[in-house]
Each structure stands twice: as structure tokens, then as C-alpha cells.
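# A closer look at the structure
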Amino acid sequence: MIIFAKICISDDYRGFILLFVHLAGFGDEAYIAAGAKILPTMEDVYAIAEMIVKVKEPIEREYKLVRKGQLLFTYFHFASSEPLTKAMIESGAVCCAYETVERKDRSLPLLIPMSEVAGRMATQEGCYFLERPRGGKGKLMGGVPGVKPAKVLVIGGGVVGTASARTAAGMGADVTICDVSLPRLAYLADVMPRNVKTLMSSEYNIREELKSADLVVGSVLIPGAKAPKLVTRDMLALMEPGSVLVDVAIDQGGCFETSHPTTHEEPTYYVDGILHYCVANIPGAVPYTSTLALTNATLPYALQLADKGWRKACADNEELRKGLNVVEGKVVYKEVAEAWGLPFEQLEL
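Residues numbered from 1 in each chain as written. Predicted model: local features only at pLDDT ≥ 70, side-chain atom pairs only at ≥ 80, totals over all residues. Heavy atoms only, no water.

## So, the overall build of the chain
What counts, and what does not: The numbering of helices and of strands both runs from the N terminus, where a helix is a DSSP run of H or I of at least 4 residues and a strand a run of E of at least 2. Throughout, the radius of gyration refers to the C-alpha atoms, and the reference size of a globule is 2.2 Å times the residue count to the power 0.38. Relative accessibility decides the category of a residue: with a 1.4 Å probe and only protein chains considered, values under 20% of the type maximum give buried, values over 50% give exposed, and everything between is partly exposed. The contact rule is simple, with two residues in contact once any of their heavy atoms fall within 4.5 Å. To be clear on the numbers: accessible area is Shrake-Rupley with a 1.4 Å probe, and residue cover counts the displayed protein chains and nothing else. Charge counting follows a simple rule: Lys and Arg are positive, Asp and Glu are negative, and His as well as the terminal groups are ignored. Lysine's charge is taken at NZ, arginine's at CZ, aspartate's at CG and glutamate's at CD.
Looking only at helices and strands, one finds eleven helices and 15 strands in the chain. Relative to its length of 349 residues, the chain is compact, with a C-alpha radius of gyration of 21 Å against a globular reference of 20 Å. Per-residue burial for the chain yields a buried fraction of 51% across its 349 residues. For the chain, contacts bridging at least 24 residues in sequence account for 58% of all contacts bridging at least 6. For the chain, the accessible area works out to roughly 16,000 Å², and carbon and sulfur atoms hold 55% of it. Separation of charge centres in the chain, based on 36 positive and 42 negative side chains, amounts to 2 Å.

## Describing helix α5 (residues 159-170)
Note the cut-off: Given the number of residues in a helix, its expected span is that number minus one, multiplied by 1.5 Å.
The terminal C-alpha atoms of α5 lie 16 Å apart, and with twelve residues this matches the ideal 16 Å at 1.5 Å per residue to within 8%. Every buried residue belonging to α5 is among Val 160, Gly 161, Thr 162, Ala 163, Ser 164, Ala 165, Ala 168 and Ala 169, and all of these are buried. Of the surrounding elements, those touching the buried residues of α5 are α4 (112-129), β7 (151-155), β8 (174-179), α6 (182-191), β9 (196-200) and β10 (215-218). Where α5 ends, the next residue or the one after it, Gly 172, has phi of about 95°, a positive value.

## Here's the deal with the pattern of salt bridges
What counts here: Note on definitions: salt bridges are taken to be side-chain nitrogens of Lys or Arg within 4 Å of carboxyl oxygens of Asp or Glu.
By the definition in use, this model includes 21 salt bridges. Glu 57 serves as the salt-bridge partner of Lys 56, at 3.5 Å between the closest nitrogen and oxygen. Lys 56 gets classed as buried once you look at its relative accessible area, which sits at 19%. In this structure, Arg 134 and Glu 131 form a salt bridge, with 3.9 Å as the shortest nitrogen-oxygen distance. Relative accessible area serves as the criterion here: at 34%, Glu 131 is assigned to the partly exposed category. A network of salt bridges, in which partner residues are shared, links Glu 102, Arg 106, Glu 318 and Lys 322.

## A short note on the packing of aromatic side chains
As a reminder of what qualifies: Aromatic pairs are defined between Phe, Tyr and Trp rings, using the six-membered ring for Trp, whenever the two ring centres lie within 6.5 Å; interplanar angles under 30 degrees are classed as stacked, those over 60 as edge-to-face, and all others as tilted.
Considering all chains together, one arrives at six aromatic pairs under this definition. Ring geometry for Tyr 75 and Tyr 98: centres 4.8 Å apart, planes at 85°, overall edge-to-face. Here Tyr 75 is found in the loop between β5 (71-74) and α3 (82-91), whereas its partner Tyr 98 is found in the loop between β6 (94-97) and α4, with 23 residues between them in sequence. Residue Tyr 75 is classed as buried on the basis of its relative accessible area of 5%. With a relative accessible area of 1%, Tyr 98 lands in the buried category. Ring plane angle 40° and centroid distance 5.7 Å describe the contact between Phe 129 and Tyr 277, whose orientation is recorded as tilted. Of this pair, Phe 129 sits in helix α4 while Tyr 277 sits in strand β13 (residues 274-277); the two residues are 148 residues apart in sequence, bridging distant segments of the chain. In textbook terms, an aromatic cluster arises when at least three aromatic residues are bridged by ring pairs, as seen for Phe 73, Tyr 75 and Tyr 98.

## Section: the pairing of β6
For the record, the criterion: Note on pairing: two strands pair once DSSP finds at least 2 bridges between them. Consider the strands pointing away from the viewer: the crossover is right-handed when the path from the first strand over the helix to the second runs clockwise.
In β6, alternate side chains face the same way, and those of Val 94 and Cys 96 on one face and Cys 95 and Ala 97 on the other are all buried. Bridge count between β5 and β6: four bridges; the pairing is parallel. Bridge assignment links Leu 71 to a residue of β6, and that residue is Val 94. Each parallel crossover has a hand, and the one from β5 via α3 to β6 is right-handed. Relative to strand β14 (residues 324-327), β6 runs antiparallel, the two sharing three bridges. Its bridge partner lying in β14, Val 94 is registered against Val 327.

## Focus on the environment of Ala 122
Mapped onto the elements, Ala 122 comes out in helix α4. With 161 residues separating them in the primary sequence, Ala 122 and Pro 283 have C-alpha atoms 9.6 Å apart. Setting aside residues no more than four positions away along its own chain, Ala 122 makes contact with Ser 164, Val 217, Val 246 and Val 248.

## Overview of a nonpolar patch on the surface
Going by this rule: The patches described consist of residues with a relative accessible area above 30% and no salt bridge, like charges being joined within 9 Å and nonpolar side chains (Val, Leu, Ile, Met, Phe, Trp, Tyr) within 5 Å.
A cluster of nonpolar side chains, namely Leu 140, Val 144 and Val 147, defines an oily patch on the protein surface of about 280 Å² accessible area. Turning to its location among the elements, Leu 140 is positioned in the loop between α4 and β7. The exposed category is assigned to Leu 140, whose relative accessible area is 55%.

## Regarding the side chain of Ser 201
Inspection of the secondary structure assignment puts Ser 201 in the loop between β9 and α7 (203-210). Ignoring any residue separated from it by four or fewer positions in sequence, one finds Ser 201 in contact with Cys 178, Asp 179, Val 180 and Ile 206.

## Some remarks on the sheet that holds β10
Paired through backbone hydrogen bonds, the strands of a sheet run either parallel or antiparallel to each other. Just so we agree on the cut-off: Where helices are involved, their axes are fitted lines through C-alpha atoms of the stretch in contact, as for all axes, and angles between N-to-C directions lie from 0 to 180°.
Pairing is mixed in the open sheet, where seven strands are placed in the order β9-β8-β7-β10-β11-β13-β12. Each end of this open sheet is capped by a strand with a single partner; those strands are β9 and β12 (268-271). With strand direction ignored, the average angle separating the axes of adjacent strands in the sheet is 20°. In this structure, β10 lies alongside strand β11 (residues 244-247), joined through four bridges in parallel fashion. Bridging from a neighbouring strand, Val 216 pairs with Leu 245 of β11. Across the face of the sheet, α6 comes into contact with β8 and β9 while running at roughly 170° to β9.

Note that all results are geometric; they support no functional claim without further evidence.
Take a look at the structure:
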């Protein structure tokens, strides 16, 4: 079920914010009581909205509904979808992407809450699918006295990887987390439990770790760009059958060569005997927690866009300005242009 709501924020509010919210334990009555108007169809929403706030990118049947000059504020992950990129260019809309809103310290405030959720769930789902009835090799994450725990390899030491490694460590697993940044590895070595080891990320080290890994979590992110393929198909031959790969980077194209997007309804598939879990939008499995976590982060930015209009809001706030990816038919984010060989235009506000 999808709820369409028109939220009136303030008397001087410059238009409408339309929230597409998956049913997450918040009934229509709660929105109506807060002053929202529930619209019956998606077409009705797009027809009147000046600004649309979503959780995920527009799907194909929405492409033709997006209007010139309309502001969309959501996760886009353009570098993983050429059809979406071209559709938004053709629409003439203004696309501000959650995933590229960036602070001066290079942190990504609108990715952090979902990354925290996805990291924890990556381990949780990996643990579940390691069970023999679910297709895994039948290993208990924490082991038992006299039996070694499962070995977990986390590739990428950012927010997702840190959350995943900490969760796996809490289950008692033998965890290795790798990254290309020595300062980051030093930080992780300092804050992680004793059953977490750090390792410099390289092709050689990854190949060596795959030989004994029961669960591999891919959590590599390059903001706005495609994820690099760090586990190639030939590497799967190094792993034991029934081992599990969880690709959290799938929204950015995936960091395993054999990854392709799956759904919560059909989350896994095998390649060469290795179980792949590549669900796009992993946090969608826990919509109550995800809704609150994401709204806590996005609402301050949404209010700025609504009250000031996108041009002034992005001129005033460098963090928001970096969120602009496609503006009125032009690609204004370099990595997106490079991903699809499109012209890149520097935006002037």
C-alpha cells in the first residue's frame, strides 16, 4: 500500500510537498489528523505537486508523470540506471538526490541513517541465509563451545561496513573488515571488539579471505558513481559451496561482478554454488524503523527546499547544492555524466 499525502508546512510555504510513504505502521488517520490530504492516485499527486519527496527513485510508470520544473527529492542512484537518468533528463524536472547531499567533512547525512539500517540487516540476513534450510552451508554465526564461529568478511569500512561488522561481532562471529584507508582502519581497530580484525583492501587480500569466508558483506560506496567490482566471478571458485554474499552496494550497481538486483519477495539466487543476497532497498524490510530514521535526517533539508524554493535553498546551503544531479534537462553531477557518457554542465545558481 502506498499513501499519497499533501502536507502543509507553513503559511509562507512555496508549494506542495507530496510524501510517498509505504505502509509502516502509520495509518491514514494520523496523516489526516496532522492536516494532510490523502489523494487517491499517483497521477493525482504528480498532477498538482510542485515538490515530491519520496523514499526511492521514480519507477518506470512514473517517468511520464514527472513534469518540467517539478522538484523531486529522493534517492536516485542515477549511476546504476541509464533509463532513469535519461527519463529524468527528458522530463525537465529538478532532481535532488539524497545520496549525494554532502557535508564539508565529506559525510553523507541522508545516506547515514539508511546505511546504519542496511549494515545491521546485511549481517542479520546473511546469518539467516547461512542456515541450511535457507540454502546456506549451515553455520551458526557465533559457534558453540568446541566449534568455531562463522567467518565474516566485510569489504568497506564506512557506515554500512562498520554497522555490519559490529553486528556480526556481537553475534560472536570471527570478523575481518577491510578498507583502502589506513586512518579508517586505525580508527576501526581502536573502536571494534576484539573479534574484529582489520585488513588493507587489495585484490590479493580479498582472494585470500574468500577461501575461508562463510559470509561476505559488500559495502563499498563511491558517492554518485557506480560501485567497483571487487569480487569477480572467478573468485567464487575460491569459496565453499553454500557461502553467502550480501551486496549492500546493489543500489549503485553492486560491488560483486555476479550481482543483480533482487526483491524482498525473492531475495536470493545461486551463482556457482554461492548464495547471493542482492536486495535493492534492504531497509524496506523494516519500514517503521527506516521511516523514522530517514525522516529525522531529510526533514530539515526538505523544509529548506519547500520554504525557499530549490534555487535559493541550494545557493544558501552547499550540502543541498551537492544533491543536485539533473536540473531542467542537464546533468550537473560529474559522476552521473561519466557513468553514461553524457555531457556534464556546471550548475550556476
